[in-house]
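Chain by chain, the residues:
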Amino acid sequence: MDLTQRLLDLYACKKGQVGRYPVSSIWAICNGYKSVEDYFFGEPIEFDAAIRMSNGVWKHAQIQELSDTKIFEIEKKIAWMPETADFEIVGKCDFIDKAENGLIYEIKTSEKLLTMKPWHEWQGKIYCSLFKREKCFILQPLIDYPIKERERLVLKTIGVTERDEIWFKSVVKKLTSFHKKLLEFEEKYKKELQCKLPI
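Criteria and cut-off values
- Residues numbered from 1 in each chain as written.
- Predicted model: local features only at pLDDT ≥ 70, side-chain atom pairs only at ≥ 80, totals over all residues.
- Heavy atoms only, no water.
- Helix = DSSP H or I, 4+ residues; strand = E, 2+ residues; numbered from the N terminus.
- Buried < 20%, exposed > 50% of the residue type's maximum accessible area, 1.4 Å probe, protein only.
- Phe/Tyr/Trp six-rings, centres within 6.5 Å; stacked < 30°, edge-to-face > 60°.
- Core = buried A, V, L, I, M, F, W, Y, C linked by side-chain atoms within 4.5 Å.
- Contact = heavy atoms within 4.5 Å.
- Axes fitted to C-alpha atoms, helices over the stretch in contact; angles between N-to-C directions.
- Parallel < 35°, antiparallel > 145°, perpendicular 65-115°, else oblique.
- Left-handed = near helix turned anticlockwise from the far one by under 90°.
- Nonpolar A, V, L, I, M, F, W, Y, C, P; charged D, E, K, R; others polar.

Undergrad: Could you give me a rundown of the overall build of the chain, with the residues and numbers involved?
TA: A tally of helices and strands in the chain yields six helices and six strands. Its helices and strands in sequence order give the chain the pattern α-β-α-α-α-β-β-β-α-β-β-α, from N to C terminus. Principal-axis analysis of the C-alpha atoms places the extent of the chain at approximately 75 × 50 × 30 Å. Relative to its full complement of 199 residues, the chain shows a buried share of 39%.

See the structure below:
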C-alpha cells in the first residue's frame, strides 16, 4: 500500500483564504517567500518536508498529552482584525498560561537542536501582540542525558520574544499591502475565468 500521495496531499500548502491570514504564514508573506499567486493557488510539498510535518504533528500531540491543563490552555485560538483594514489575522498558539498576564509557549519539533529562527521570532512576537502577553518562549522537546543511564524528556528554551507594538504595526502595514494585491489578483482571476466561459 503506497501512502505517498495521501501524505503529500495532506501536508501540501492549501489554497489560502483571501482576507484570513495565518500567523504561521506571515513571515513568508512579508519577506517575499510567499507570493500572491502561491497564497491564492496553494503550493505542492516535497516528500521530506511532508514527513517532517507529519512527525511534528505527532510530537506536538505527545507534548500536549503530557502537559498540565490546570496551568496551560492548549492550542488557544484567536482571530484579530485591524481597525483600519478588512482582513483577519488568525492563529493557534501551542500553550498559554491561564494566569493573568501569563506567558505564551510555542513548540518547535525539528530533529536537530535549533536556535530561534526569524520565522519563530515573528510568530512569537505576533502572538504576544494578539494575546496581549509580554513574552513568548520558543521551546524544543529533547531527550536529555544529565546522568548516565537516566534519560529525561525536556523542553529546551531556544529563544524568547517580547511584545513590541510598534513592530507589530509595521507587520500589519506590510500585510495590508499584500492583502490589497491579493484582492486585485482575485478580481483579475475571476474576470479571466468569466472570459473563458462558453457563451
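Undergrad: Describe the packing of aromatic side chains, and please don't skip the residues or the numbers.
TA: With the rule as written, the count across this model stands at 17 aromatic pairs. Ring geometry for Phe41 and Phe185: centres 5.7 Å apart, planes at 85 degrees, overall edge-to-face. Of the two residues, Phe41 is situated in helix H3 (residues 36-41) and Phe185 in helix H6 (residues 165-196); the sequence distance between them amounts to 144 residues. Plain terms: the ring middles of Phe41 and Tyr189 are 5.3 Å apart, the flat faces sit at 80 degrees to each other, and that makes the pair edge-to-face.

Undergrad: How would you summarise the nonpolar core if you had to cite specific residues and measurements?
TA: Of all hydrophobic cores here, the largest spans 35 residues; its most connected members are Tyr21, Ile26, Ile89, Ile126 and Leu130. Of all elements in the fold, only helix H2 (23-30), H3, strand S3 (88-97), helix H5 (118-131), strand S5 (135-147) and H6 reach the threshold of two or more residues within this core. Ranked by residue count, the leading element in this core is H6, at eight residues. Other than its neighbours up to four places away in sequence, Leu130 contacts Val23, Ile78, Trp80, Ile89 and Phe168. If you look at the next biggest cluster of nonpolar residues, it comprises six residues, including Leu7, Tyr11, Ile45 and Ala49.

Undergrad: Could you give an account of the packing of H2 against H5, naming the residues involved and the relevant values?
TA: Where H2 contacts H5, the axes come no closer than 9 Å and their chain directions differ by 125 degrees. Relative to H5, the element H2 is oriented oblique. Relative to H5, H2 is oriented so that their crossing is right-handed. The residues of H5 that touch H2, namely those facing Val23, Ser24, Ile26, Trp27 and Cys30, are Pro118, Trp119, Trp122, Gln123, Ile126, Tyr127 and Leu130. By residue class, the composition of the contact of H2 with H5 is ten nonpolar, two polar and no charged.

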